[in-house]
Amino acid sequence: MEETSVDETGTAETSAPTAVAEKPAGSSARTGKLSAQELIRAFEAEQLKSDLPEIYVGDTVRVGVRISEGNKERIQPYEGVVIAKRHGGMNETITVRRIFQGVGVERVFLLHSPQVAAIKVERRGKVRRAKLFYLRDRVGKATRVKQRFDR
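Because the structure is predicted, anything quoted here is derived from the model rather than measured.

1. A short note on the overall build of the protein chain
Across its full length, the protein chain holds one helix and seven strands. Of the regular secondary structure in the protein chain, the N- to C-terminal order runs β-β-α-β-β-β-β-β. Sequence-distant contacts in the protein chain: of pairs separated by 6 or more residues, those separated by 24 or more amount to 46%.

2. Looking at the confidence of the model for the protein chain
Chain-level statistics for the protein chain give a pLDDT mean of 87 and a share of 79% at 70 or above. Least confident of the elements in the protein chain is strand β1 (residues 3–6), whose mean pLDDT is 59; most confident is strand β4 (residues 72–86), at 98.

3. Notes on the sheet that holds strand β7 (residues 116–123)
What links the strands of a sheet is backbone hydrogen bonding, and the strands pair in either a parallel or an antiparallel sense. With antiparallel pairing, five strands are arranged side by side in an open sheet as β6-β5-β4-β3-β7. Lying at the two open borders of the sheet, with one neighbouring strand each, are β6 (103–110) and β7. Ignoring which end each strand starts from, the neighbouring axes of this sheet average 40° apart.

4. What about the pairing of β4?
Here ten bridges tie strand β3 (residues 60–69) to β4, and the two strands are oriented antiparallel to one another. Counted as the bridge partner of Ser68 is Glu73 from β4. With five bridges joining them, β4 and strand β5 (residues 93–100) adopt antiparallel strand pairing. Each bridged residue has a counterpart across the sheet, and for Ala84 the counterpart in β5 is Thr95. Hairpin geometry of β4 and β5 is characterised by an intervening segment of six residues between the two adjacent antiparallel strands and by a positive phi of about 60° at His87.

5. Focus: the nonpolar core
Counting 13 residues, the largest nonpolar core has Ile55, Val61, Val63, Ile94, Val96 and Phe109 as the members making the most contacts within it. Contributing elements (two or more residues each) for this core: β3, β4, β5 and β7. Membership of the second largest hydrophobic core comes to eight residues, among which are Ile83, Ala84, Val127 and Leu135.

6. A few points about the side chain of His112
Considering the arrangement of structural elements, one finds His112 in the loop between β6 and β7. One polar contact links the side chain of His112 to the main-chain amide nitrogen of Lys49, over a distance of 2.9 Å. At 3.3 Å, the side chain of His112 and the backbone oxygen of Gly89 are in polar contact. Filtering out sequence-adjacent residues up to four positions away, His112 remains in contact with Gln47, Leu48, Lys49, Leu52, Gly89, Met90 and Glu92.

7. Brief notes about the packing of aromatic side chains
Across all of its chains, the model carries one aromatic pair by this definition. The residue whose ring lies beneath Arg98 is Tyr78, and the NZ or CZ to ring-centre distance is 5.2 Å. The aromatic ring of Tyr78 is capped on one face by Arg107, whose charged end is 5.3 Å from the ring centroid.

8. A few points about the side chain of Thr95
Its place among the elements puts Thr95 in strand β5. Residue Thr95 is classed as buried on the basis of its relative accessible area, which comes to 10%. The residues touching Thr95, leaving out its near neighbours within four places in the chain, are Val81, Val82, Ile83, Ala84, Glu106, Arg107 and Val108.

9. Here we look at the layout of surface pockets
The calculated volume of the largest pocket comes to roughly 200 Å³. Considering the residues around the largest pocket, the lining is formed by Lys126, Val127, Arg128, Tyr134, Leu135, Arg138, Ala142, Arg144, Val145 and Lys146. By residue class, the composition of the lining of the largest pocket is five nonpolar, no polar and five charged.

What counts and how
- Residues numbered from 1 in each chain as written.
- Predicted model: local features only at pLDDT ≥ 70, side-chain atom pairs only at ≥ 80, totals over all residues.
- Heavy atoms only, no water.
- Helix = DSSP H or I, 4+ residues; strand = E, 2+ residues; numbered from the N terminus.
- Contact = heavy atoms within 4.5 Å.
- pLDDT = per-residue confidence, 0-100.
- Pairing = 2+ DSSP bridges.
- Axes fitted to C-alpha atoms, helices over the stretch in contact; angles between N-to-C directions.
- Core = buried A, V, L, I, M, F, W, Y, C linked by side-chain atoms within 4.5 Å.
- Buried < 20%, exposed > 50% of the residue type's maximum accessible area, 1.4 Å probe, protein only.
- Polar contact = N/O pair within 3.5 Å; in protein donor to acceptor, adjacent residues only side chain to side chain.
- Phe/Tyr/Trp six-rings, centres within 6.5 Å; stacked < 30°, edge-to-face > 60°.
- Lys NZ or Arg CZ within 6 Å of the ring centre and 35° of its normal.
- 1 Å grid on protein atoms, 1.4 Å probe; cavity = no way out; pocket = protein on both sides within 12 Å on 5 of 7 lines; lining within 4 Å.
- Points joined across faces, edges and corners; volume = space filled by probe spheres on them.
- Nonpolar A, V, L, I, M, F, W, Y, C, P; charged D, E, K, R; others polar.

Structure (structure tokens):
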């Protein structure tokens, strides 16, 4: 069955009916559509930072934190010892401890967050544990971590 249509110039055009391609009922091939998990994985892969250094527990790091004050934005460095690493991939975090005016301050940084501008490893630490929470109980020179030279 052919359809005839007339355009503005007055000429008649005939067109055959368009065939609609149907998917086979048995196959669940992903053509164009992604599942929810695949969408999340694809989005996370775009957000991952590729320029992060190798960070280990015990390292002294300087983290550049973006701070917005009004309409201005500046980067404030936060330097301290990494006492813990958690999670992995997109959700990887480090806990950085420093002494500020005689008080121990710990901050948790999401490594792939846009708030973290840069991370620089100042010195490598030689430790034998995965978590250095025992440093919380120590004061003064007892909080020092030996330096590691082989990494």
